[in-house]
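In case you want the letters, here they are:
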Amino acid sequence: MQYRRAKQPGSSYFFTLVTHNRRSFLCEAENIVLLRDSFRSVIEKHPFVIDAIVILPNYLHCIWTLPEGDAEFSTRWRLIKGWFSRRCDRKYQGNVFTSRQSKEERAVWQRRFWEHLIRDEQDFVNHADYIHYNPVHHGLVSCPKDWEYSSFHRYVQRGVYDVDWGSSQIPVFDVSVGME
């Protein structure tokens with residue numbers, strides 16, 4: 001099956017990437033290190049900017065901005081997923097069925113990912129807020145500042161958010177934001 005993806009060179013995209021069968025292992029310390037290393041490795045050869053990110057136990061959300069003239073996010077995701085999958089402990093790999101065996105895939109990630117082309121500055125802000133509030137939304141913490149695996153802390157340092165953002169007032173998101 002061929003999927004149509006919105007590919008606009010030099011643009012920003014919101015992504016959702018999910019583990020195979022939604023198994024919860026991404027927030028294990030060793031996997032956080034592997035994820036960081038996989039991103040660094042791919043960024044060295046295929047540059048992009050991670051504008052916002054949150055890593056939860058069984059999926060991650062992020063916003064990337066690609067270089068001018070470049071819309072190859074699919075290649076980058078393939079490389080990141082492959083790098084991580086080849087290096088993660090076997091206990092995090094699920095059962096590999098015939099369809100994956102023939103492609104030499106490991107059962108670490110769902111095959112596909114969800115992407116959304118960021119339309120404008122407000123769309124970017126809405127998706128960044130969604131990313132940073134996501135651990136609260138899923139009951140993992142009571143406020144965004146308490147979730148360790150998020151770019152929220154970088155946004156606080158840059159003055160984008162107050163440290164208590166999302167603690168007392170719940171952000172309201174348009175139904176189109178996040179579509180996980």
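Residues numbered from 1 in each chain as written. Predicted model: local features only at pLDDT ≥ 70, side-chain atom pairs only at ≥ 80, totals over all residues. Heavy atoms only, no water.

Following the criterion strictly, the structure yields 5 salt bridges and no others. Ionic pairing is found between Arg76 and Asp70, a salt bridge with its closest N-O pair at 2.6 Å. Its relative accessible area of 2% is what places Arg76 among the buried residues. Asp123 is paired through a salt bridge with Arg119; the nearest N and O atoms lie 3.4 Å apart. Asp123 gets classed as buried once you look at its relative accessible area, which sits at 3%. (Salt bridge = Lys/Arg side-chain N within 4 Å of Asp/Glu carboxyl O. Buried < 20%, exposed > 50% of the residue type's maximum accessible area, 1.4 Å probe, protein only.)

Taken across its 7 residues, strand β2 (residues 49–55) has 6 buried, putting it largely inside the fold. Pairing of β2 with strand β3 (residues 59–65), which is carried by 6 bridges, proceeds in the antiparallel orientation. Bridge pairing in β3 places Ala52 opposite Ile63. Count of turn residues in the β2/β3 antiparallel hairpin: 3 residues. (Helix = DSSP H or I, 4+ residues; strand = E, 2+ residues; numbered from the N terminus. Pairing = 2+ DSSP bridges.)

What follows is about the packing of helix α1 (residues 29–45) against helix α2 (residues 73–87). Between α1 and α2, the shortest axis-to-axis distance is 9 Å and the interhelical angle comes to 140 degrees. Comparing their axes, α2 and α1 come out oblique. The chirality of how α1 crosses α2 is right-handed. Residue-level contacts link Asn31, Leu34, Leu35, Asp37, Ser38, Phe39, Ser41 and Val42 of α1 to Arg76, Trp77, Leu79, Ile80, Trp83, Phe84 and Arg87 of α2. Residues that form the contact of α1 with α2 fall into these classes: 9 nonpolar, 3 polar and 3 charged. (Axes fitted to C-alpha atoms, helices over the stretch in contact; angles between N-to-C directions. Parallel < 35°, antiparallel > 145°, perpendicular 65-115°, else oblique. Left-handed = near helix turned anticlockwise from the far one by under 90°. Contact = heavy atoms within 4.5 Å. Nonpolar A, V, L, I, M, F, W, Y, C, P; charged D, E, K, R; others polar.)

Bringing unusual backbone geometry into the picture now. Residues other than glycine seldom take positive phi values, yet Asn21 does so here, at roughly 55 degrees. Take Asn21: it is sitting in the loop between β1 (12–18) and α1. When its relative accessible area of 58% is taken as the criterion, Asn21 is described as exposed. Its identity as a non-glycine residue notwithstanding, Arg22 has a phi of 55 degrees, on the positive side. Since its relative accessible area comes to 37%, Arg22 is described here as partly exposed.

By themselves, these figures tell us nothing about what the structure is for.
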